[in-house]
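Examination of the molecular architecture
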Amino acid sequence: MKSETMLGTNRTGAKLAPEMLEEMVSGTQEFPPTSAGDAEGLADIRNAYSEEGEPIGTMPPPTGVKQLAKTAAAAVTGGAPMQLLDLIGERLAFERAGTRLWEALVAKHDATGGFKGGPSRDDIAHIRDEELQHFELLRELMERLDADPTAVTPAADIQAVASMGLPQVLTDPRTDFLQCLEAVLVAELVDNDCWPSLLELLAEAGYRDEAAELLCAVESEREHLEKVRSWLAAGQGRSVEAVRNLSQAETQTIMASPAIAALMGTRAETTGDGTDAAGATGRTTKRRTPRTKSRASTKKSPARTARGRAGDEKPRARDKKRLTKGAAGKTVTKSPSRRKPR
Amino acid sequence: MAIDLLKDRGVPLEKQSFTWRELVQAPYSKLDDDAFTRVRVILMNGIESEALRFQHACARMNADLQMALARVRRVEQHQQTMVNWLNPADQSPLETTIGFEQVAIEVTASVAMAEPDPYLAQQYRFGLLEDFDHLYRYAALYDRVEGKDANTLVQSYSDIVPGRPTFFHHRYPDDNVRLPYDRRQAQAITKLNAYTIMAGEHQTHDYYMNIGPTFSDPAARQLYAEIASVEEQHVTQYESMIDASESWLEKWLLHEACEAYNYWSCVEHESNGRVKAIWERFLDYELGHLRYVADLFEKHERRDAAEILPSAFPQPIEYVSHREFVRDVLRKEVHFRASGTAIVEREPDDSPSIPYREQMNADGSPSETVAAGYVWTPGGELAAEAMSGSTTHEETRP
């Protein structure tokens, strides 16, 4: 499949009507600006407000004894555990939002079909499920650190603002599959930059084991990026092999970086599987993201039932995407079933 | 399409129905459709918004009309939804804003040219030069914050140059109130003009008040705050041009006539077939409303609707570029100011608007700052800088 971009009646270009363009330009000569200056005046307004020093928000207070102690210790040593929690919160929110992005891509695939060299529906659903597992890993980590995984941290908020356009592209019925792949590429590029940084900061803050456990996320995000790049190459008629080689070389470099290589060593010691930095080939290792409970097997919390959601008769989004255990025990996104409200 | 307002019955109110799916149709294309399709969608959303606004106000003052108003308003609500939802998701609030200002320029120009009352025509020209300037200020913001060219939206139909500088638009409240037409003597076109522009300006004001805070850039937030304030003045101006002694039912009848007139004008010009079908459908719906309200009017007021309504529409709103007319007004009237209910060539020295304006601009003028030195260039201001090779940014910022 090549892009569906086609020749049509796009009217945005000024050269479509040269005479009118000439008139537009002549108008600017007859009616000049009313004051001198340039675009830098806007920066001056921004800077004046910046001086007031209002942040976009702050971190929530520690919720448990452990975190309280960490915060107190950091105050003494001048460290910044809050920065680390902020970034964990950022990744957590991004993975949760990313899960929704991939869900939307499944729907787009259902609507527009695949193409030669592109992903199957299962390929997309698989990545969706891995994003959900990354979210769960980070949620558990937050719990272990006595932090509140339900809070929106400042970094999470800002990254959400920065990526506001992604769901707009994915859920717009007018976009085609390739255009949506371009949008998820943006998300995957961000993820691939942020995960190794987060692990490095975790290790530096003394959470080496926790960071080593999260290596699986770095590995699967590398896979996601390589796949998306390859599908785009196939869709655009470029060399898939060249894109794969480039991605794998990049992966090799990242996995051999000092911080990640050290964590690979930690993981090898812990699990005894012998894979370490020297053994990293550029292909991701076979250690997979730990399985998490599927949504289908998760019971509703009493709190949710108490709010009356269990008895809600309206059709709910979750009814449209039922997660069930696949043959290999994997979480699989099933086709939407056309269910009417009960 | 010939319409007899006194005889055509349109679609009866009880047969006007929708589904949720129908309300949410595929939008027009920001890239492919003619700029005037966006202009019409934005204006008709304003016309329907005014219908709801008026009918709610009317219901609060007229217990005996509440049921009838509720029935018509159900349909108006869904008409507004279907129209407003034609705006596409890839059109940002700032891009829609540029569309709003193009409405205020081209539709007001058409109205000013068609208005037979010279005093009212002057008011339209006065307001036109202000909205014309707003387009220029927003175009500068669009270019300088987002790096985009507003002409991709206005499609060379409207000039992007300064009008009466927004700096001077801020007036003491008394200088925004105008004299009304006389309901007994004014021609139908005069009434339709006033109802149309009032509706468009009111929606413009409400839109800016809603989206202004969605911008992170304080320069943008300030510009929206400033221009929203001017739009509120415009609502004051245009609503005061309507005879306040019209009865509630007379006003309702005129609102329905205005809606029908505007849908008819859209039908006459629409280039997008799918959108045109909506204008045709809603013209028939509005003729149904008009008949329904005319019956109420005749029953309650024991007057013939023909006293209020013409049998045929006057000339339609012209959805074309009014470049030459606007430039002519700009050359002759850019220095005009308001003084009480009059438009004058020179603002009196003791005008209360002078200290008011000085107060509002005391901490700086957002509209001047945003557009300082801005000259619209095809492809954006940066295209001129890039082509000249004089990339001066590094040199000028420490």
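Residues numbered from 1 in each chain as written. Chains lettered and ligands numbered in written order. Predicted model: local features only at pLDDT ≥ 70, side-chain atom pairs only at ≥ 80, totals over all residues. Heavy atoms only, no water.

1. Quick look at the overall build of chain A
What chain A contains, in helices and strands, is 14 helices and two strands. The burial tally for chain A puts 41% of its 342 residues in the buried class. When contacts within chain A are restricted to residue pairs at least 6 apart in sequence, long-range pairs at least 24 apart make up 72% of them. Approximately 18,600 Å² of chain A is accessible, and the part contributed by carbon and sulfur atoms is 56%. (Helix = DSSP H or I, 4+ residues; strand = E, 2+ residues; numbered from the N terminus. Buried < 20%, exposed > 50% of the residue type's maximum accessible area, 1.4 Å probe, protein only. Contact = heavy atoms within 4.5 Å. Areas by Shrake-Rupley, 256 points an atom, 1.4 Å probe, with all protein chains shown as cover.)

2. Concerning the overall build of chain B
Of the regular secondary structure elements, chain B holds 15 helices and two strands. Taking 21 Å as the expected radius of gyration for a compact globule of 398 residues, we find that chain B reaches 22 Å, a close match to that expectation. Projected onto its principal axes, the C-alpha coordinates of chain B cover approximately 75 × 50 × 35 Å. Counting over 398 residues, chain B shows a buried share of 60%. Long-range pairs, those at least 24 residues apart, make up 86% of the contacts in chain B between residues at least 6 apart in sequence. (Rg over C-alpha atoms; globule rule 2.2 N^0.38 Å.)

3. Observations concerning the confidence of the model for chain B
Per-residue pLDDT for chain B averages 96, and the proportion of residues at 70 or more is 97%. For this predicted complex, the interface score ipTM comes out at 0.92, while the overall pTM is 0.89. (pLDDT = per-residue confidence, 0-100.)

4. Observations concerning the interface of chain B and chain A
Many analyses report the size of an interface as the accessible area lost when the parts associate. Counting residues at the interface gives 48 residues for chain B and 35 residues for chain A. Between chain B and chain A lies a buried interface of about 3,500 Å² when both sides are counted; carbon and sulfur atoms form 58% of it. Inspection of the region where chain B meets chain A yields five salt bridges. We note a salt bridge from D90(B) to R174(A), for which the minimum N-O separation is 2.9 Å. Elements that contribute at least two residues to the side of chain B that touches chain A include exactly α5 (118-146), α6 (151-154), α8 (218-240), α11 (323-333), α13 (366-370) and α15 (393-396) of chain B. Among the residues forming the side of chain B that touches chain A, the class breakdown is 22 nonpolar, ten polar and 16 charged. (Buried area = accessible area lost by both parts, 1.4 Å probe. Salt bridge = Lys/Arg side-chain N within 4 Å of Asp/Glu carboxyl O. Nonpolar A, V, L, I, M, F, W, Y, C, P; charged D, E, K, R; others polar.)

5. Comments concerning the pattern of salt bridges
All names here are of chain A. Applying the stated criterion to the full structure yields 43 salt bridges over all chains. Across the pair E136 and R139 runs a salt bridge, and its minimum N-O distance is 2.9 Å. Residue E136 and its partner R139 are both found in helix α5 (residues 121-144); the two are separated by three residues, about one turn of the helix. Among the ionic pairs, R222 bridges to E250, the shortest N-O distance being 2.8 Å. Remark: E250 occurs in helix α11 (residues 240-255) and R222 occurs in helix α10 (residues 215-236); sequence separation between them is 28 residues.

6. With respect to helix α3 (residues 66-84) of chain B
Residue and element names in this part refer to chain B. An ideal rise of 1.5 Å per residue puts 27 Å on 19 residues; α3 measures up with 26 Å between its terminal C-alpha atoms. Here α3 has its buried residues at A68, L69, V72, R73, V75, E76, H78, Q79, Q80, T81, M82 and V83. Taken together, the buried residues of α3 touch α1 (20-23), α2 (35-61), α9 (248-269) and α10 (273-301). (Expected span 1.5 Å × (residues − 1).)

7. Considerations on the packing of aromatic side chains
Residue and element names in this part refer to chain B. Taken as a whole and assessed by the stated rule, the structure comprises 22 aromatic pairs over all chains. With 6.2 Å between their ring centres and 70° between their planes, F18 and F282 make a pair best called edge-to-face. Of this pair, F18 sits in the segment before α1 while F282 is found in helix α10, placing the two residues 264 residues apart along the sequence. Over the face of the ring belonging to Y319 we find R40, whose NZ or CZ atom lies 5.0 Å from the ring centre. Residue placement shows R337 over the ring face of F168; its charged tip is 4.5 Å from the ring centre. (Phe/Tyr/Trp six-rings, centres within 6.5 Å; stacked < 30°, edge-to-face > 60°. Lys NZ or Arg CZ within 6 Å of the ring centre and 35° of its normal.)

8. Structural notes on the environment of E130(A)
Structurally, E130(A) is set in helix α5. Placed 91 residues apart in sequence, E130(A) and A39(A) show a C-alpha to C-alpha distance of 45 Å.

9. Details of the packing of α2(B) against α9(B)
Residues and elements named next belong to chain B. At a minimum axis separation of 11 Å, α2 and α9 run at an interaxial angle of 165°. Our classification of the angle between α2 and α9 gives roughly antiparallel. Two packed elements cross with a definite hand, and for α2 against α9 that hand is left-handed. Touching R40, L43, M44, I47, E48, E50, A51, F54, Q55, A57, C58 and M61 of α2 are W248, K251, W252, H255, E256, C258, E259, N262, Y263, C266 and H269, all from α9. Here the residues of the contact of α2 with α9 sort into 13 nonpolar, four polar and six charged. (Axes fitted to C-alpha atoms, helices over the stretch in contact; angles between N-to-C directions. Parallel < 35°, antiparallel > 145°, perpendicular 65-115°, else oblique. Left-handed = near helix turned anticlockwise from the far one by under 90°.)

10. Observations concerning the side chain of E131(A)
Mapping E131(A) onto the fold places it in helix α5. Ignoring any residue separated from it by four or fewer positions in sequence, one finds E131(A) in contact with E95(A), G98(A), T99(A), W102(A), E188(A), D191(A), E221(A) and H224(A).

11. Considering the packing of α5(A) against helix α8 (residues 177-204) of chain A
Residue and element names in this part refer to chain A. In contact at an axis separation of 14 Å, α5 and α8 are set at 30° when each is read in the N-to-C sense. The angle between the axes of α5 and α8 places the two elements in the roughly parallel class. Crossing geometry of α5 relative to α8 is assigned as left-handed. Contacts between α5 and α8 pair I124, E131, H134, L138 and L141 from the former with F177, E188, D191, W195, L198 and L202 from the latter. Classifying every residue of the contact of α5 with α8 gives seven nonpolar, one polar and three charged.

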